[in-house]
Amino acid sequence: MSTHIFRFLFALAASKLALTATPSADADAVVKITIAGIKAQQGFLMIALHDEKGWSGAPLARARIPVTDSSLKTTFTAPAPGHYGIKIFHDVDGDGRMSTNIVGFPTEPFGFSNDAPIRFGPPSFADAGFAVGPDGAVQTVTLR
C-alpha cells in the first residue's frame, strides 16, 4: 500500500489547531463511540466524524483524547440525523501525525466505524457509514 492510499485517512492529524476541539453531547443526533483494542496507555486518540461528501477530506468534527485505558468512550454530536462515518488513529508517540512504514502503511493503530475492512486501502464510505437517527447512534471501533 502506498502513502497515497492512507494519506486521506488521517488528514485530521495535519491540522493540529482543530484537534483540541471537545466533542459535544448537547443535540439529539448524538453518536456514542466506544474505542476498544487500545494496547498502549499513552499518547492520544485522534477521532474524526465525516459525512459521505467529506469522507476523503475534512471532517465535520474531530477530537484529540488522551489515552488512559484499554477502552475509552466519547460522544460526538452530528449536525443532523443522516449517514456518517468515523476514522480513528492512536497517536501513540503524541506527535500529531500518523506514523507509517516505508511503503505508507500505518504503524500506529487505527480503526473505522462498523469496523470496516481494509482492502488494499482505506474502506469506502459504503462500508464505514452508519445511520444516525433523531435518537442518535452507537458505534464500537476496534483498533487494529
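A.B. asks: Where do I start with the nonpolar core in this structure?
C.D. replies: Generally speaking, soluble globular proteins have nonpolar side chains that are buried together. Formed by 22 residues in total, the largest nonpolar core has its most connected members in Ile33, Ile35, Leu45, Ile47, Ile86, Ile88 and Val132. Among the secondary structure elements, those contributing two or more residues to this core are β1 (30-36), β2 (44-51), β3 (61-66), β4 (72-77), β5 (82-91), β7 (130-132) and β8 (137-142). Trp55, Ala116, Phe125 and Ala128 belong to the second-largest nonpolar core, a separate cluster that totals 9 residues.

A.B. asks: I'm lost on the sheet that holds β8 in this one. Help?
C.D. replies: Strand pairing within a sheet occurs via backbone hydrogen bonds; the two strands may be parallel or antiparallel. If you walk across this open sheet you meet the 3 strands as β4-β1-β8, and the pairing is mixed. Taken across any chain shown, the strands that pair with only one partner, and hence form the sheet edges, are β4 and β8. Sheet twist, expressed as the mean angle between neighbouring strand axes with direction ignored, is 20°. When β1 meets β8, the two strands line up parallel, connected through 6 bridges. Opposite Ala36, over in β8, you have Thr142 as the bridge partner.

A.B. asks: Looking at this structure, I do not really get the confidence of the model for the chain. What am I missing?
C.D. replies: Reading fine detail from the predicted coordinates is not recommended where pLDDT is low. Confidence along the chain averages 86 in pLDDT terms, with 81% of residues attaining 70 or more. In the model, residues 1-5 has pLDDT below 50 throughout and makes 14 contacts with residues more than four positions away in sequence or in other chains. Low pLDDT (under 50) marks residues 11-26, which in the prediction has 34 contacts with non-local residues, meaning those over four places away or in another chain.

Basis of the calculations
Residues numbered from 1 in each chain as written. Predicted model: local features only at pLDDT ≥ 70, side-chain atom pairs only at ≥ 80, totals over all residues. Heavy atoms only, no water. Core = buried A, V, L, I, M, F, W, Y, C linked by side-chain atoms within 4.5 Å. Buried < 20%, exposed > 50% of the residue type's maximum accessible area, 1.4 Å probe, protein only. Helix = DSSP H or I, 4+ residues; strand = E, 2+ residues; numbered from the N terminus. Pairing = 2+ DSSP bridges. Axes fitted to C-alpha atoms, helices over the stretch in contact; angles between N-to-C directions. pLDDT = per-residue confidence, 0-100. Contact = heavy atoms within 4.5 Å.

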